[in-house]
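Letter by letter, the chains look like this.
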Amino acid sequence: MEDKIILTIGRQFGSGGREIGQRLAKDLGIAYYDKELISVAARESGLCEDVFEKADEKASNGLSYAFTMGYSSFLGGMFAPYNDILSNDGLFKIQSDAIRKIAEKESCVLVGRCADYILRDDSACLSLFIHSSVESRIQKIVDRQGVTVEEAKNLMEKTDKSRAAYYNYYTNKTWGMASSYNFSIDVSVLGLDDTVEFIKSFIDRKLGKRPPHFG
């Protein structure tokens with residue numbers, strides 16, 4: 001598709017990356033994938049979604065833990081060996097293949113899961129990283145999840161550490177570093193609404209023209 005656009009979004013926890021991705025997808029009239037990628041990967045592989053849930057954006061322990069919890073799959077009536085299917089690299093490959101298939105067939109927003117790296121050779125792909133001030137992120141987590149400030153801070157740090165380890169391991173790049181992406185923006189400077197509009201103008205300038213499906 002000549003006018004196809006693929007937006008990949010990396011994000012700090014509590015930065016508003018998910019909301020921005022959803023807004024961009026809606027405004028541009030394209031598909032949105034975040035947790036939905038887990039369902040697609042599970043459907044493509046025949047594995048239980050819980051296997052991917054346990055391993056989601058975790059570099060190592062999540063996968064082995066998923067296996068020890070008793071998750072398994074029967075593909076074509078045969079047991080899929082742990083080393084072949086439930087290894088870190090095995091599940092990452094399955095999810096990577098699912099991301100490539102999605103990007104091949106339609107314009108979309110893909111959140112997390114190293115999508116920017118997986119689609120690095122796709123000329124239609126534009127990679128974004130969304131970050132924000134610590135204070136605004138903590139407040140968003142408190143408001144969204146009903147936790148204390150200290151709990152929000154701990155959750156933020158733990159989640160970011162996990163995402164960074166996952167990204168750095170599979171991409172050999174640095175999670176959150178501006179040079180790893182086409183575009184990096186601090187949401188706390190403009191606010192969510194103006195950040196979305198700013199990104200849309202960047203996309204427009206990058207493409208040189210609006211595809212027919214753009215609003």
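What you see is a predicted model, and the numbers here were worked out from it, not measured in a lab. (Residues numbered from 1 in each chain as written. Predicted model: local features only at pLDDT ≥ 70, side-chain atom pairs only at ≥ 80, totals over all residues. Heavy atoms only, no water.)

**Brief notes about the environment of glutamate 106**
Part 1 of the reasoning: Topologically, glutamate 106 is positioned in the loop between helix H6 (88-105) and strand S5 (108-111).
Part 2 of the reasoning: In this structure the C-alpha to C-alpha distance between glutamate 106 and isoleucine 5, which are 101 residues apart in sequence, comes to 8.2 Å.
Part 3 of the reasoning: Non-local contacts of glutamate 106, meaning those with residues more than four positions away in its chain, are made with Lys4, Ile6, Ala31 and Tyr33.
Part 4 of the reasoning: A polar contact is formed between the side chain of glutamate 106 and the side chain of tyrosine 33, at a distance of 2.4 Å. (Helix = DSSP H or I, 4+ residues; strand = E, 2+ residues; numbered from the N terminus. Contact = heavy atoms within 4.5 Å. Polar contact = N/O pair within 3.5 Å; in protein donor to acceptor, adjacent residues only side chain to side chain.)

**A closer look at the pattern of salt bridges**
Opposite charge on two side chains makes pairing possible when the charged atoms of those side chains draw close.
Part 1 of the reasoning: Following the criterion strictly, the structure yields 12 salt bridges and no others.
Part 2 of the reasoning: Taking the shortest distance from any N to any O, the salt bridge between aspartate 34 and arginine 18 comes out at 3.0 Å. Pair noted here: aspartate 34 is in the loop between strand S2 (31-33) and helix H2 (36-45) and arginine 18 is in helix H1 (residues 17-28), with a separation of 16 residues, a long-range link.
Part 3 of the reasoning: Look at aspartate 34 and you get buried, because its relative accessible area is 3%.
Part 4 of the reasoning: When its relative accessible area of 41% is taken as the criterion, arginine 18 is described as partly exposed.
Part 5 of the reasoning: Salt bridges sharing common partners tie together Arg18, Asp34 and Arg113. (Salt bridge = Lys/Arg side-chain N within 4 Å of Asp/Glu carboxyl O. Buried < 20%, exposed > 50% of the residue type's maximum accessible area, 1.4 Å probe, protein only.)

**What to know about the sheet that holds strand S7 (residues 183-186)**
To summarise the sheet geometry, strands pair through backbone hydrogen bonds and adopt either a parallel or an antiparallel arrangement.
Part 1 of the reasoning: Ordered by their spatial adjacency, 5 strands build an open sheet running S2-S5-S1-S6-S7, and the pairing between neighbours is parallel. Two strands in the sheet have a free side with no partner beyond their single neighbour: S2 and S7. With strand direction ignored, the average angle separating the axes of adjacent strands in the sheet is 20 degrees.
Part 2 of the reasoning: Relative to S5, strand S1 (residues 6-11) runs parallel, the two being bridged by 4 bridges. From the neighbouring strand, isoleucine 9 faces S5, where its bridge partner is valine 111.
Part 3 of the reasoning: On top of the sheet, H6 reaches S1, S2 and S5; it is set at about 160 degrees to S5, its chief contact. (Pairing = 2+ DSSP bridges. Axes fitted to C-alpha atoms, helices over the stretch in contact; angles between N-to-C directions.)

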